[in-house]
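Analysis of the macromolecular model
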Amino acid sequence: IKMGQDLVKETEVLTKLVGRISSRTKLRLDFNAILNRDRFVDWFDKNQKWLRPCLDFIEDPFAYDAREWRDVSQKRGITFALDLAADAIASQ
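Reading guide: rules and limits
- Residues numbered from 1 in each chain as written.
- Predicted model: local features only at pLDDT ≥ 70, side-chain atom pairs only at ≥ 80, totals over all residues.
- Heavy atoms only, no water.
- Salt bridge = Lys/Arg side-chain N within 4 Å of Asp/Glu carboxyl O.
- Helix = DSSP H or I, 4+ residues; strand = E, 2+ residues; numbered from the N terminus.
- Buried < 20%, exposed > 50% of the residue type's maximum accessible area, 1.4 Å probe, protein only.
- Axes fitted to C-alpha atoms, helices over the stretch in contact; angles between N-to-C directions.
- Parallel < 35°, antiparallel > 145°, perpendicular 65-115°, else oblique.
- Contact = heavy atoms within 4.5 Å.

**Describing the pattern of salt bridges**
- Counted according to the given criterion, the structure contains 9 salt bridges.
- Here Asp 45 makes a salt bridge to Arg 76, at a shortest N to O gap of 2.7 Å. Residue Asp 45 is located in helix α2 (residues 37–51), and its partner Arg 76 is located in helix α3 (residues 66–76); the two are separated by 31 residues in the primary sequence.
- Owing to a relative accessible area of 34%, Asp 45 belongs among the partly exposed residues under this scheme.
- Accessibility expressed as a relative area gives 18% for Arg 76, which makes it buried.
- Here the salt bridges share partners, and the residues they tie into one network are Arg 37, Asp 38, Glu 68, Asp 71 and Lys 75.

So this is what it looks like as structure tokens:
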């Protein structure tokens, strides 16, 4: 699910969706690195209670920085997926 263009509205729609899906359904959210680290962390911390049980992973939550991604991922126990910067990193 693409996220980050209108986070308030998207979160509202997502909460309704989560209330209607099976507990076995897992969500993959893609932010396309639109948010900065602090805004993503603030959003996740506010929504983790209802989101965590159905979350598979989050793709490109904010611009890729290995240390920042590892820190946020580990502290919050969530998995990140890299898409936008993957080609540049793979070619190094």
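**Details of the packing of α2 against α3**
- Relative orientation of the contacting elements α2 and α3 amounts to 10°, with a least axis distance of 12 Å. Taken together, the axes of α2 and α3 lie roughly parallel to each other. Side by side, α2 and α3 meet where Arg 37, Phe 40, Val 41, Phe 44 and Asp 45 of the first sit next to Glu 68, Asp 71, Val 72 and Arg 76 of the second.

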